[in-house]
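The chain contents come next:
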There are 4 protein chains.
Amino acid sequence: MTDLIFRSDVLVKFKDSMPHQNLDDSIIEAMLVSSDKDDDLMAELLDIPKTEGRIRFLMKKRHGTPFEHNAMKFYVEAPIFVFREWHRHRIGQSYNEQSARYSELPPMFYVPGVERPLIQQGKPGNQTTVPGTEDQWRFTDEIIRKNSAVCYEHYLQLLGAGIAKEVARMVLPVNIFSKMYCTLNARSLMAFLSLRTKEEPMYVENEEPVTFDGVTYPPGFILIKRDEPGGAMYPSGPLWEIEQAARITEAVFSALFPMTYRAWCDFGRVAP
Amino acid sequence: MTDLIFRSDVLVKFKDSMPHQNLDDSIIEAMLVSSDKDDDLMAELLDIPKTEGRIRFLMKKRHGTPFEHNAMKFYVEAPIFVFREWHRHRIGQSYNEQSARYSELPPMFYVPGVERPLIQQGKPGNQTTVPGTEDQWRFTDEIIRKNSAVCYEHYLQLLGAGIAKEVARMVLPVNIFSKMYCTLNARSLMAFLSLRTKEEPMYVENEEPVTFDGVTYPPGFILIKRDEPGGAMYPSGPLWEIEQAARITEAVFSALFPMTYRAWCDFGRVAP
Amino acid sequence: MTDLIFRSDVLVKFKDSMPHQNLDDSIIEAMLVSSDKDDDLMAELLDIPKTEGRIRFLMKKRHGTPFEHNAMKFYVEAPIFVFREWHRHRIGQSYNEQSARYSELPPMFYVPGVERPLIQQGKPGNQTTVPGTEDQWRFTDEIIRKNSAVCYEHYLQLLGAGIAKEVARMVLPVNIFSKMYCTLNARSLMAFLSLRTKEEPMYVENEEPVTFDGVTYPPGFILIKRDEPGGAMYPSGPLWEIEQAARITEAVFSALFPMTYRAWCDFGRVAP
Amino acid sequence: MTDLIFRSDVLVKFKDSMPHQNLDDSIIEAMLVSSDKDDDLMAELLDIPKTEGRIRFLMKKRHGTPFEHNAMKFYVEAPIFVFREWHRHRIGQSYNEQSARYSELPPMFYVPGVERPLIQQGKPGNQTTVPGTEDQWRFTDEIIRKNSAVCYEHYLQLLGAGIAKEVARMVLPVNIFSKMYCTLNARSLMAFLSLRTKEEPMYVENEEPVTFDGVTYPPGFILIKRDEPGGAMYPSGPLWEIEQAARITEAVFSALFPMTYRAWCDFGRVAP
């Protein structure tokens, strides 16, 4: 029998970028083509150092195009059910994925690690997944490993009988690994992250009337921006595995574009 | 001399849609393909009638794709400087515009009406336009009319000398009218409107510390959702003329998709 | 044990369109906005009835935008491996697919019918699939049915143990059925069809020198347009199952846009 | 009076790319993720060195996505009527253009050079522009210079009266210069070039029946690939000025991606 490889991770490797350094500056370079260069005043008013001030201004006003004149290229290894979600992002993302028509897929499968929440909780429209018991995790692990082995054995039998790869692969489960290159820019990456990471909302709603500035606001009407950065104006409920991948791209993004990243978090993680 | 036509309006005519009726329902039809049909519970929980509840849920969570399975077609007449901005919207918008290479442009020009603000105010990064004096308006009106006449006369002279239309049009100013068909869906229309209409923010910032729910928040940290609907989470500063056009498409949108429109306004006018 | 449903078809149902009738005419309506209306001469020259002449002109010159001011909506049922390919079409296509996170997938699986070619032939870069022996088909059919049953049984066991749907589905194979709505326009449909249908090339290459019009052409340099319509300038090698789906959309397209369809075939099935 | 600057050129400057070197290789890197790596056979069969063989294979089969994992950034100075056409390319192109709302446009105008064809010839649907007489060129030059001066004078008068930049600019003609950054990838650049450069067709049509390979073909049915490379399968009739800009991007493209460029020309200049 073939030796199967089981993994509980999703691999995302940063490969290349344009420009190579000082990526935040490229945003300002693009921005300045649209205005007079002598805009010291604007930065002054915003009372923060010039480049960061300009980036925060663009983010707040949702002037999105200056964030497109750059590129990041990633290499990704993930199970098919993750690629299925990723590829639904159509704008400003380029993909090249392994083809099961042209290549024989190796026996590498995803199985949830112990930290992967297994149980769905909450009412429809407001569900989350929470950790299962140790027994549930063991049972899940066992079934998925067994299932992967059976399917791959069927795959090999069909290939062995001379059946075309594109037909034989019909027996493969969606937890088999695939790989791709993905190329995008800072704007499309922010759109991706806004939907594929889960952050607490940056507000809470009042349960009693609140009087403020002379006006009394009814319950449900007060929003409080959290003190910590990073809250989301429109919180998402992403699949756990795609969030793992997204968090790696977020780390790369924050390293390459530190000012852009801070501004995006501070203004609610909505893509400009 | 040719008689020139001067207009101070932008014409937007609704031409056709898919579906023809009950457009909000088409959003739910698309949404339900992704879930079990028996989701009465969700709407119940949200405590609002079923279809509206579902639409509000999609909007709040930024599940955007159900808003794409529809189409609206508009016919637009506007000066070139408006089309210049409109055509920067690349996603989910289709355009066919009059060509000054293939057709001779008629002598129809835009001139600001009395209600058009003429004066720029405020510091860089936070400017608005406000009404000018009557003298300023008269002067502007006069100069623009004279300029249009001179340019069009030059245009006719070049055409008269046998010069190709695509060369002769180089003398035409950006306030000459053009026309186009524009086809888009509810999602791309919301993206367009979020940038091309000006709404007050749906929050105010506290100037003094505020204590709420046991936590004291420093100045600049409290957001207050306005009581009236329609505030914008990310306010824009659109050009006056493109906002006139956008407002007509907004009126059509609110008539065709009343529930979607309300939900979009209530959740801050950010496209899902 | 659960009763499994096996299907060898892909279902594509036409649901709605904009406009409802005379869709070819909408192309001309869009085209005419860009030119003087009095273009009888052009059609005359082309020596074909006016509307058809204009459409053929647009197609030949690859003036693509007039083909975008329309919409078609389809409902599709297909195995996951077909959706995987379909969703790679990013431009001008909108999708809403069933979610295995939010709904329990029913036990419906794809199994190749007897007419589905099973064997890969030819050298790399020039491969086709051809029918297998009856034994090969029987073996394939048996393995795929068995595999589907085992996987679905594992799926139910995980669900039965309280595991979240989004985790349990990891054991499901890519031949399980899913469903979606897909909305697109004539231009994006032509791009889809050009890659997802297989037509013979519309040319042959000469193997010996040919003299023509006074010039002698070396081997490999003569192209002969086929007498029958429908040949492809850039032949594709699509997956059999997605071609079945594409052919249904092609039939709808040819019925709704008869002139556009003919012109597209005559000019080599390249999207304008 | 203000000194006006007149130019007859369009400036396109290459600014940056990803990767920095060996850009053709990045296409193969992306391609190979989709197949088994050991594909020497394919290249062998194609009887050309490996990388070039693979690129030609992708181009011929219109496998387009491997051509997207790269980026090129350009700085462009051109009159507004050129940007109007350029910005109609929506897919895979990012733009940041000077804003006449935020900045005062300098007095720089386009005027046709002596090599710019001035006269339209041919019947509708098949027109070209050809050189005018020296008198026609002189007349055109004079009118356009005069028109530019009058318009800019009106612009300054409005600004001098305190009118907002976004209103004052309504008097400016479409031959005034603007500037932008444009970022795109090899695939979107090929789509741009296929429509914005004019190449002779790569075929001729027979006027008399021709017998070939035992079959007699009626007139209009034989296509002959030209011996020289670079012919277009779908010839375009671009505006002269945008073609000047496109040719510079084409030169950069051919230098950065020499193999891709050759393959694209050899297979009819249709974007994969």
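Use the structure listed above.
If you're wondering where the values come from, they're calculated on a predicted model, not measured in any experiment. Counting of residues starts from 1 at the beginning of each chain's written sequence and follows it residue by residue. Chains carry letters and ligands carry numbers; both start at the beginning, A for chains and 1 for ligands, and go up in the order they are written. Note on the predicted model: pLDDT of at least 70 is required for a residue's local features to be given, and 80 or more for side-chain atom pairs to be given and counted; whole-chain, interface and lining totals, by contrast, use all residues. Think of the side-chain values as coming from all heavy atoms in the structure, minus any hydrogens and water.

What follows covers the interface of chain C and chain B. The parts lose accessible area when they come together, and the size of an interface is often stated as this lost area. Listed per partner, the contact involves 37 residues of chain C and 37 residues of chain B. Of the roughly 2900 Å² buried between chain C and chain B, counting both surfaces, carbon and sulfur atoms make up 52%. By buried area we mean the combined loss of accessible area, with a 1.4 Å probe, across both parts when two parts are placed together. Considering only the surface of chain C that becomes buried against chain B, Met18(C), Val33(C) and His69(C) emerge as the three largest contributors, covering 23% of it. A pairing counts as a salt bridge when a side-chain nitrogen of Lys or Arg comes within 4 Å of a carboxyl oxygen of Asp or Glu. In this structure, the connection of chain C to chain B is made through two salt bridges. Should any heavy atoms of two residues lie within 4.5 Å, those residues are considered in contact.

Our focus in this paragraph is the interface of chain C and chain A. Taken together, the contact pairs 53 residues of chain C with 53 residues of chain A. Interface area, chain C with chain A, both sides summed: about 4600 Å², of which 56% is carbon and sulfur. It is Arg84(C), Arg90(C) and Met170(C) that lose the most area in chain C upon contact with chain A, and together they represent 16% of the buried surface on that side. Applying the counting criterion to the chain C and chain A interface returns four salt bridges. Taking the shortest distance from any N to any O, the salt bridge between Glu97(A) and Arg84(C) comes out at 2.7 Å. Any N or O atom pair separated by 3.5 Å or less is treated as a polar contact, with the protein-specific requirement of one donor-capable and one acceptor-capable atom, and with residues adjacent in sequence counted only for side-chain atom pairs. Across the chain C-chain A interface, the total number found is 22 residue pairs in polar contact (both at pLDDT 80 or more). Mapped by element, the contributors of at least two residues to the side of chain C that touches chain A are helix 4 (80–86), strand 4 (93–97), strand 6 (119–121), helix 5 (134–160), helix 6 (165–168) and helix 8 (240–256) of chain C. Secondary structure elements are defined from DSSP: runs of H or I of at least 4 residues count as helices, runs of E of at least 2 residues count as strands, and each element is numbered from the N terminus. The biggest single contributor to the side of chain C that touches chain A is helix 5 of chain C, with 12 residues. Its residues assigned to classes, the side of chain C that touches chain A comprises 27 nonpolar, 14 polar and 12 charged. When residues are sorted by character, Ala, Val, Leu, Ile, Met, Phe, Trp, Tyr, Cys and Pro go into the nonpolar class, Asp, Glu, Lys and Arg into the charged class, and all the rest, Gly among them, into the polar class.

A separate point is the relation of the copies chain C and chain B. All copies are superposed by least squares; the fitting set is the C-alpha atoms of residues with a pLDDT of at least 70 in both. Its rotation angle being 180°, the transformation that places chain C on chain B also includes 0.0 Å of axial translation and leaves an RMSD of 0.1 Å. Expressed as an axis order, the relation between the two copies is that of a two-fold axis. Of every C-alpha in chain C, the one belonging to Met18(C) sits nearest the axis of rotation, 2.7 Å from it. When the interface residues of chain C are mapped onto chain B, 100% of them again lie at the interface, so the same face is used by both copies.

We now examine the sheet that holds strand 8 (residues 177–184) of chain B. Strand-to-strand pairing in sheets goes through backbone hydrogen bonds, with the strands running parallel or antiparallel. Residue and element names in this part refer to chain B. Strand pairing is assigned whenever DSSP detects at least two bridges linking the two strands. An order of 2-3-8-4 is seen for the four strands of this open sheet, with the pairing classed as antiparallel. Of all strands in the sheet, those bounded by a partner on one side alone are strand 2 (11–18) and strand 4 (93–97). Put simply, the sheet's adjacent strands are angled 20° from each other on average, direction ignored. With five bridges connecting them, strand 4 and strand 8 associate as antiparallel partners. Only the stretch in contact is used when fitting a helix axis, every axis being a line fitted to C-alpha atoms; angles between N-to-C directions are given from 0 to 180 degrees.

All names here are of chain C. With a 1 Å grid laid over protein atoms only, a set of points is called a cavity when a 1.4 Å probe fits there but cannot get out and a pocket when it is open yet has protein on both sides within 12 Å along at least five of seven lines; lining residues have an atom within 4 Å of a point. Grid points are joined across faces, edges and corners, and a volume is the space filled by probe spheres set on the points. Scanning all chains against the criterion turns up eight cavities of 30 Å³ or more. Estimated volume of the largest cavity: approximately 100 Å³. Ser194, Ala232, Tyr234, Ser236 and Arg269 are the residues nearest the centre of the largest cavity, which is lined by 16 residues in total. With three residues, helix 7 (residues 186–196) is the largest single contributor of residues to the lining of the largest cavity. The residue makeup of the lining of the largest cavity, split by class, is seven nonpolar, four polar and five charged. In this structure, the second largest cavity occupies an estimated 70 Å³ of space.

A few words now on the sheet that holds strand 3 (residues 71–79) of chain C. All names here are of chain C. The antiparallel open sheet is built from four strands, whose spatial order is 2-3-8-4. Each edge of the open sheet is held by one strand with a lone partner, namely strand 2 (11–18) and strand 4. Strand-to-strand, the axes of this sheet are offset by a mean angle of 20°, without reference to chain direction. Of the strand pairs in this sheet, strand 2 and strand 3 are connected by seven bridges, and their pairing is antiparallel.

Note on terminology: pairs of cysteine sulfur atoms within 2.5 Å are recorded as disulfides. Taken as a whole and assessed by the stated rule, the structure comprises zero disulfides over all chains. Sulfur of Cys151(A): no disulfide; nearest cysteine sulfur belongs to Cys151(C) and is 3.3 Å away. Relative accessible area decides the class of each residue, using a 1.4 Å probe on protein chains only: under 20% of the type maximum gives buried, over 50% gives exposed, and in between gives partly exposed. Classification of Cys151(A) by relative accessible area gives buried; the value is 0%. Lacking any disulfide linkage, Cys182(B) is separated from the closest cysteine sulfur, that of Cys265(B), by 20 Å.

So, on to the packing of aromatic side chains. Each aromatic pair joins two rings of Phe, Tyr and Trp (for Trp, the six-membered one) with centres within 6.5 Å, and gets the label stacked for planes under 30 degrees apart, edge-to-face for over 60, and tilted for any other angle. Applying the stated criterion across every chain, the model contains 44 aromatic pairs over all chains. Residues Phe14(A) and Phe74(A) carry aromatic rings whose centres are separated by 6.0 Å and whose planes lie at 65° to one another, so their mutual orientation is edge-to-face. With a gap of 60 residues between them, Phe14(A) in strand 2 (residues 11–18) and Phe74(A) in strand 3 (residues 71–79) connect regions that are remote in the sequence. With centroids separated by 5.9 Å and ring planes inclined at 85°, the aromatic side chains of Phe253(D) and Tyr261(D) adopt a geometry described as edge-to-face. Each of the two residues, Phe253(D) as well as Tyr261(D), counts as buried. By the ring-pair criterion, three or more aromatic residues cluster together here, those being Phe6(A), Phe109(A), Tyr152(A) and Tyr155(A). In this structure, Arg62(A) packs its charged tip against the face of Tyr234(B), placed 5.4 Å from the ring centre. Our definition puts a charge over a ring when NZ of Lys or CZ of Arg is within 6 Å of the ring centre and also within 35 degrees of the ring normal.

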